Amino acid sequence: MEKIFCSHCFQILQTGCPTCPSCQQRVGYLSDVESRSMLLKMLLDQRTEVRSTAIFALGWRKDRLAADALVACALRHPSNISQGLQIVKVLATIDNGTPLMTALQYLMARHPGSEVKQAAFYALSQH
Ligand SMILES: [Zn+2]
């Protein structure tokens, strides 16, 4: 069955609930594809808090297809260390498959922040 997502907070929903159990808003449903495309757009937002919401939501989704976009987001904002660390944490929980290893390795090689590099190194060493 196809998953559906809250249009406010992007949590995965059960069909038929009138309000979202996570954010308590009246539910607007998004399909898997709609939800991903909105979240990927949000990663391009200039506002840190909007990007942060998207990063967490992509983590809940365990969305492997978002790995490259997450890495790109971290590299677009190299001085935002806390967000870089958040992205490493999400990448580490999405999957331990090959695409994700590549994403973490790429981040470790390219990110200028030593804390982010170390976090990526640590996440890789756990696999
Ligand atoms: Zn919600």
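See the structure above.
Keep in mind that what you see is a predicted model, and the values were worked out from it rather than measured.

Rules behind the numbers
- Residues numbered from 1 in each chain as written.
- Predicted model: local features only at pLDDT ≥ 70, side-chain atom pairs only at ≥ 80, totals over all residues.
- Helix = DSSP H or I, 4+ residues; strand = E, 2+ residues; numbered from the N terminus.
- Contact = placed C-beta atoms within 7 Å.
- Expected span 1.5 Å × (residues − 1).
- Buried ≥ 20, exposed ≤ 12 C-beta atoms within 10 Å, placed from the backbone.
- Arc of directions from axis to C-beta.
- Pairing = 2+ DSSP bridges.
- Axes fitted to C-alpha atoms, helices over the stretch in contact; angles between N-to-C directions.

Colleague: Any chance you could explain the environment of A119 here in plain terms?
Modeller: Topologically, A119 is positioned in helix α6 (residues 114–125). Spatially, the C-alpha atoms of A119 and L75 are 15 Å apart, while their sequence positions differ by 44 residues. The contact partners of A119, leaving out residues within four places of it in the chain, are L85 and V88.

Colleague: Quick question: what am I supposed to make of α6 here?
Modeller: One full turn of an α-helix is made of 3.6 residues, so residues set three or four places apart face in the same direction. Taking 1.5 Å as the rise per residue, α6 with twelve residues should run 16 Å; its terminal C-alpha atoms sit 16 Å apart, in good agreement. Burial in α6 covers these residues: V116, A119, A120 and A123. Buried residues in α6, looked at end-on, bunch into an arc of 100 degrees, giving them a common side. Facing away from the buried surface of α6 by more than 90 degrees, the exposed residues are S114 and S125.

Colleague: Please clarify how the environment of L104 should be interpreted in this entry.
Modeller: Relative to the elements of secondary structure, L104 occurs in helix α5 (residues 98–110). You can call L104 buried: it has 22 C-beta atoms within 10 Å. Separated by 15 residues in the primary sequence, L104 and A119 have C-alpha atoms spaced 9.3 Å apart. Each residue touching L104, except ones within four places of it in the same chain, is listed here: L91, A120, A123 and L124.

Colleague: How should I be thinking about the sheet that holds strand β3 (residues 29–31) in this particular structure?
Modeller: Paired through their backbone hydrogen bonds, the strands of a sheet run either parallel or antiparallel. Pairing is antiparallel across the open sheet formed by three strands, whose spatial order is β2-β1-β3. Looking along the sheet, the strands with just one partner apiece sit at the ends: β2 (12–13) and β3. Inspection of the sheet shows strand β1 (residues 4–6) paired to β2 by two bridges, in the antiparallel sense. Residue pairing in the sheet places F5 in a bridge with I12 of β2. In the packing of helix α1 (residues 32–42) onto the sheet, contacts are made with β1 and β3, and the angle to β3 comes to roughly 90 degrees.

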